[in-house]
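# Chains, contacts and geometry: an overview
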Amino acid sequence: MAMEAAIIAHGAGCNFLAFLAYLKPEEDVKMFFSAGLGGLVLYFLPSIIGRNKRNAGAIFLLNFFLGWTVVGWIVAMVWACSENPPVHYVPVAPGGLFCTACGHPAAGPARFCASCGRVLY
Ligand SMILES: [Zn+2]
């Protein structure tokens, strides 16, 4: 079975998989990959939590590049859990209000932006 997996992996051009399958019994290979996936999820947890944030891209970059330093990971996590910057309707022309998040014009006094759905403060 390990041999078959090695051949399949080799056929797919993944020499690393073939190498693992040759060296270790199948169960160990499964363990290796499930542990790796769990570690990956844990490593990118700040990005997963902050994926709907306005700064989701910046949180991901911090997580990706500095997550391996524990401090970078903690900063990304705190950032991901923090509040979004407040969103307002701002007047830019007489009689016209615009959402600061998406620029959609406001329709009268509103608690939520009609376009992006963000809570207005
Ligand atoms: Zn908006």
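Residues numbered from 1 in each chain as written. Predicted model: local features only at pLDDT ≥ 70, side-chain atom pairs only at ≥ 80, totals over all residues.

### A short note on the nonpolar core
Generally speaking, nonpolar side chains in soluble globular proteins are found buried as a group. Counting 5 residues, the largest nonpolar core consists of Ile-59, Phe-60, Leu-62, Ala-76 and Ala-80. Secondary-structure elements contributing two or more residues to this core are helix H5 (56-66) and helix H6 (70-81). Ranked by residues supplied to this core, first place goes to H5 with 3 residues. If we skip the residues at most four places from it in the chain, Ile-59 touches Pro-46, Ser-47, Gly-50, Lys-53, Ala-76, Trp-79 and Ala-80. (Core = buried A, V, L, I, M, F, W, Y, C linked by C-beta atoms within 7 Å. Buried ≥ 20, exposed ≤ 12 C-beta atoms within 10 Å, placed from the backbone. Helix = DSSP H or I, 4+ residues; strand = E, 2+ residues; numbered from the N terminus. Contact = placed C-beta atoms within 7 Å.)

### What to know about the environment of Phe-60
Positionally, Phe-60 belongs in helix H5. With 12 residues separating them along the chain, Phe-60 and Ile-48 place their C-alpha atoms 8.6 Å apart.

### Digging into the environment of Glu-83
Along the chain, Glu-83 falls in the loop between H6 and strand E1 (89-93). You can call Glu-83 exposed: it has 6 C-beta atoms within 10 Å. Once the C-alpha coordinates of Glu-83 and Arg-54 are considered, the two residues, 29 residues apart in sequence, prove to be 10.0 Å apart.

### Details of the confidence of the model for the protein chain
Here the protein chain shows a mean pLDDT of 76. Residues at 70 or above account for 66%. The element-level mean pLDDT for the protein chain is lowest in helix H1 (residues 2-11), coming to 47, with H5 highest at 93. Within the model, pLDDT remains below 50 along residues 3-14, and this stretch shows 11 contacts once partners closer than five positions in the same chain are excluded. (pLDDT = per-residue confidence, 0-100.)

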